[in-house]
Amino acid sequence: MKRFISISILIIAGFLAGAKNPAMYFIYLSDKADNGYDLAHPEMFLSQRALDRRARLGIQVDSTDMPVTKAYINQVTTTGAQLFHSSRWMNGLLIWADNEQINVVKNLDCVDSVDMIRPSSASKFNIKSKVKKEKTNDSETSQWDDQNRQINVQKLHQAGFRGQGILTAVIDCGYIGVDQTSGFDSLRRRNGITDTYDFIRKSNNVYDYHSHGTSVLSTMAYIVPNEFTGSAPDADYCLYITENNNEEYLYESDLWILAAERADSIGADVITSSLGYFYTDDEDPRFVYANMNGTFFRASLAAQMSSQKGILTLIAAGNEGNNDWRYIGTPADAKDILTVGGVDMYGEHSSFSSYGPSADGRIKPDICARATQSTVSDCYSGELKTSNGTSFATPVAAGMVTSLLSALPNVDTETLRNVICSTASQCDKPNDSLGYGIPDAWKVYSMLKDVQETDETTAESDIKAWFEGNVLRISGYGGMYELIDCGGKVVLRGIGDAGLDDMQSGIYFLKCGNKVVKLVHK
């Protein structure tokens, strides 16, 4: 295949060749003043699909949706620094600069602070394609669809919910073969890949570099008649590259943010990403477990922000369970997302699957799916094979979420996330290896389908509920509610506060109109 080289790559390469020991920096800008955009006209910077999602879920457009101020970009690049990318959510710039240039940039009025994300001492920035064949396992099993049966997603498919109408963004390393192999024929014929971008090479071509993303996508979108169907075969997909397989530095997690921003702006409903960060080649001292708290790293904040924009985001827990690090990294530590760990065919913890909790004590991973001998496609032959990693558990679960959203298009991310966790296999005893356990797609659908059909409407911020001993307290909602335990049993129907005898500790759902609130009774 002919290698694609964009003009932007040549510009970057030329700058790096001529600059004096350039490093890459993240530049925090002071504000978004006079940037030429107006919140009253969000169609100037968000797609109609993105606006429709916000309207459907009652989410307001705010300043984080607006692009950065172009005049500030001009001030920074006038110093001789080279712009690489800009981030609307973080209100910042990724730039290349030498010592002299960055010292000038630091003193600009429009600059709030500076963070070095790739040192000048790093080896030459390698932006050439580096094809790497994935390590796989030989498997004699013909039960290629077991990973879907394990999470009960096939029942959704049988009911006609196969991800249609839902847009899922994949943020990964590369997609060799997606444009050629036969299992993706259906996806290509219906133009189901709606957007592609490589944030490293600044190119729309994502099919020349690495095959990890191919394996990831195949768990959701691949179809081999009578043998295997992905967990969301009729969904649409956008494919993004943010990972540089040649090195490991902080800027890669910043590119992840840019991909999430792009996914949001074009109207994605789901993000799945099998990337994580817990070290850098320059041994950045910030990469310690104590900082995996959901707020320290920019990528974790961005993952949480994606949820606030109405996207359900799933992140791989990682494969460090047998290694010295052991724990999840960033952005798997983010709040308000689903971090996905791994299990084998028997539902037992995959030994390599990274452990939680987050450094601030939250349950991580949130859920688990098949990570040991997961079914994926070979990027060259197109044949089915098996491979290990939470990289594959995550899209299996993401396909489940995508198929659920095709059945429940108006459910909000918090509700869906809560119900997925609170109906999983060990929701009553979550731990640091499996989280709440293996999800059950049909159980989630069964619990939420009646809620979707109700005519009652409630605002998320209006409902507050909590336990005082064995008394359920409710404010902000005056209608009939149902209190449901993890097994799906209705333990109480009522209006207003109510007491319960012999109330067991554990997780409960409170269904109030079209809102489901998760409660914990201790």
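What counts as what
- Residues numbered from 1 in each chain as written.
- Predicted model: local features only at pLDDT ≥ 70, side-chain atom pairs only at ≥ 80, totals over all residues.
- Heavy atoms only, no water.
- Helix = DSSP H or I, 4+ residues; strand = E, 2+ residues; numbered from the N terminus.
- Buried < 20%, exposed > 50% of the residue type's maximum accessible area, 1.4 Å probe, protein only.
- Areas by Shrake-Rupley, 256 points an atom, 1.4 Å probe, with all protein chains shown as cover.
- pLDDT = per-residue confidence, 0-100.
- Contact = heavy atoms within 4.5 Å.
- Pairing = 2+ DSSP bridges.
- Core = buried A, V, L, I, M, F, W, Y, C linked by side-chain atoms within 4.5 Å.
- Axes fitted to C-alpha atoms, helices over the stretch in contact; angles between N-to-C directions.
- Left-handed = near helix turned anticlockwise from the far one by under 90°.
- Nonpolar A, V, L, I, M, F, W, Y, C, P; charged D, E, K, R; others polar.
- Salt bridge = Lys/Arg side-chain N within 4 Å of Asp/Glu carboxyl O.
- Phe/Tyr/Trp six-rings, centres within 6.5 Å; stacked < 30°, edge-to-face > 60°.
- Lys NZ or Arg CZ within 6 Å of the ring centre and 35° of its normal.
- Polar contact = N/O pair within 3.5 Å; in protein donor to acceptor, adjacent residues only side chain to side chain.
- Parallel < 35°, antiparallel > 145°, perpendicular 65-115°, else oblique.

## Looking at the overall build of the protein chain
(1) Moving on: Helix and strand counts for the protein chain stand at 13 helices and 22 strands.
(2) Moving on: Going through the 522 residues of the protein chain one by one, you find that 60% of them count as buried.
(3) Moving on: Accessible surface computed for the protein chain: about 20600 Å², of which carbon and sulfur atoms make up 46%.

## Brief notes about the confidence of the model for the protein chain
(1) Moving on: When pLDDT is averaged across the protein chain, the result is 90; 90% of the residues are at 70 or more.
(2) Moving on: Overall, residues 129-142 carries pLDDT values under 50, and its contacts beyond four positions in sequence, including any with other chains, amount to 32 contacts.

## Examining the pairing of strand E14 (residues 374-377)
Walk down a regular strand and you will see the side chains alternate between the two sheet faces.
(1) Moving on: Here E14 shows no split at all, with Ser 374 and Val 376 on one side and Thr 375 and Ser 377 on the other all buried.
(2) Moving on: As defined by bridge partners, E14 adjoins strand E15 (residues 384-387) across four bridges and the pair is classed as antiparallel. Bridging from a neighbouring strand, Ser 377 pairs with Leu 384 of E15.
(3) Moving on: Adjacent in sequence and paired antiparallel, E14 and E15 are bridged by six residues, among which Gly 382 carries a positive phi angle near 80 degrees.

## Section: the nonpolar core
(1) Moving on: Of all hydrophobic cores here, the largest spans 116 residues; its most connected members are Leu 217, Tyr 237, Val 401 and Leu 416.
(2) Moving on: Looking at this core, the element that brings in the most residues is helix H11 (residues 390-407), giving ten residues.
(3) Moving on: Aside from chain neighbours lying at most four places away, what touches Tyr 237 is Leu 167, Thr 168, Val 170, Leu 187, Gly 192, Ile 193, Thr 194, Asp 195, Leu 217, Met 220, Ala 221 and Ala 232.

## Observations regarding the sheet that holds strand E22 (residues 515-521)
(1) Moving on: Spatially, E19-E18-E21-E22 is the arrangement adopted by the four strands of the open sheet, whose pairing is antiparallel. With one partner strand each, in any of the chains shown, strand E19 (490-494) and E22 form the two edges of the open sheet. On average, each strand axis in the sheet is inclined to that of its neighbour by 20 degrees, with strand direction left out of account.
(2) Moving on: For strand E21 (residues 506-512) and E22, the ladder comprises seven bridges, and the chain directions are antiparallel. Its bridge partner being in E22, Gly 506 is matched across the sheet by His 521.
(3) Moving on: Against the sheet, helix H12 (residues 413-422) touches E21 and E22, its axis set at about 45 degrees to E22.

## What about the packing of helix H8 (residues 212-221) against H11?
(1) Moving on: Viewed as axis vectors pointing N to C, H8 and H11 meet at an angle of 35 degrees, and their least axial separation amounts to 8 Å. The handedness of the crossing between H8 and H11 comes out as right-handed. When H8 is examined against H11, the residues His 212, Ser 215, Val 216, Thr 219 and Met 220 are found in contact with a partner set consisting of Ser 391, Phe 392, Pro 395, Val 396, Ala 398 and Gly 399.
(2) Moving on: Tallied by class, residues from the contact of H8 with H11 come to six nonpolar, five polar and no charged.

## Things to note about the environment of Gly 294
(1) Moving on: Considering the arrangement of structural elements, one finds Gly 294 in the loop between strand E10 (270-273) and helix H10 (298-308).
(2) Moving on: Here the alpha-carbon distance between Gly 294 and Gln 304, two residues ten residues apart in the chain, equals 8.2 Å.
(3) Moving on: For Gly 294, the contacting residues outside a window of four places in its chain are Ser 300, Leu 301, Gln 304, Asp 333, Ala 334 and Arg 362.

## Remarks on the sheet that holds strand E20 (residues 498-499)
(1) Moving on: Strands sit in the order E16-E17-E20 across an open sheet of three strands; the sheet is antiparallel. Across the chains shown, the open sheet's two edge strands, defined by having one partner strand only, are strand E16 (464-468) and E20.
(2) Moving on: In this structure, strand E17 (residues 471-475) lies alongside E20, joined through two bridges in antiparallel fashion. Bridged to Val 471 within E20 is Gly 499.

## Thoughts on the pattern of salt bridges
(1) Moving on: If you walk through the whole model with that rule in mind, you get 27 salt bridges.
(2) Moving on: For Asp 62, the salt bridge is made with Lys 309, and the minimal N-O distance between the two is 3.3 Å. On the criterion of sequence distance, the pair formed by Asp 62 in the loop between helix H2 (48-57) and helix H3 (70-77) and Lys 309 in the loop between H10 and strand E11 (312-316) is long-range, its members being 247 residues apart.
(3) Moving on: The buried category is assigned to Lys 309, whose relative accessible area is 4%.
(4) Moving on: The closest approach of N and O atoms between Lys 511 and Glu 482, which form a salt bridge, is 3.9 Å. Here Glu 482 lies in strand E18 (residues 481-485) and Lys 511 lies in strand E21, a separation of 29 residues in the sequence.
(5) Moving on: Within the structure, one salt-bridge network assembled from shared partners comprises Arg 53, Arg 54, Asp 62, Asp 65, Asp 264 and Lys 309.

## Some points on the packing of aromatic side chains
(1) Moving on: Counted under the stated rule, the structure contains 14 aromatic pairs.
(2) Moving on: Judged by centre distance (4.9 Å) and plane angle (65 degrees), the rings of Phe 26 and Tyr 28 are edge-to-face.
(3) Moving on: Using a relative accessible area of 1% as the deciding quantity, one classes Phe 26 as buried.
(4) Moving on: With a centroid separation of 6.0 Å and 70 degrees between ring planes, the pair formed by Phe 467 and Tyr 508 is classed as edge-to-face. Of this pair, Phe 467 sits in strand E16 while Tyr 508 sits in strand E21, placing them 41 residues apart in sequence.
(5) Moving on: On the accessibility criterion, Tyr 508 (7% relative accessible area) is buried.
(6) Moving on: Through pairs of rings, three or more aromatic residues link up here, namely Phe 161, Trp 442 and Tyr 445.
(7) Moving on: Between the NZ or CZ atom of Arg 298 and the centre of the ring of Phe 26, over which it lies, the distance is 4.3 Å.
(8) Moving on: Taking the ring centre of Tyr 355 as reference, the NZ or CZ of Arg 326 above it sits at 3.8 Å.

## A short note on the environment of Thr 339
(1) Moving on: Tracing the backbone through its elements, the reader meets Thr 339 in strand E12 (residues 338-343).
(2) Moving on: Placed 29 residues apart in sequence, Thr 339 and Cys 368 show a C-alpha to C-alpha distance of 8.3 Å.
(3) Moving on: Discounting chain neighbours no more than four positions away, the residues touching Thr 339 are Ile 315, Ala 316, Ala 317, Ile 328, Ala 332, Lys 364, Pro 365, Asp 366 and Ile 367.
(4) Moving on: Side-chain polar atoms of Thr 339 contact the side chain of Lys 364, separated by 3.0 Å.

## Section: the packing of helix H9 (residues 251-266) against H10
(1) Moving on: Two numbers describe how H9 lies on H10: the axes approach to 9 Å, and their chain directions differ by 15 degrees. In terms of orientation, H9 and H10 fall into the roughly parallel class. Crossing hand, H9 versus H10: left-handed. In contact with Ser 253, Asp 254, Trp 256 and Ile 257 of H9, H10 contributes Arg 298, Ala 299, Ala 302 and Ala 303.
(2) Moving on: Grouping the amino acids of the contact of H9 with H10 by side-chain chemistry returns five nonpolar, one polar and two charged.

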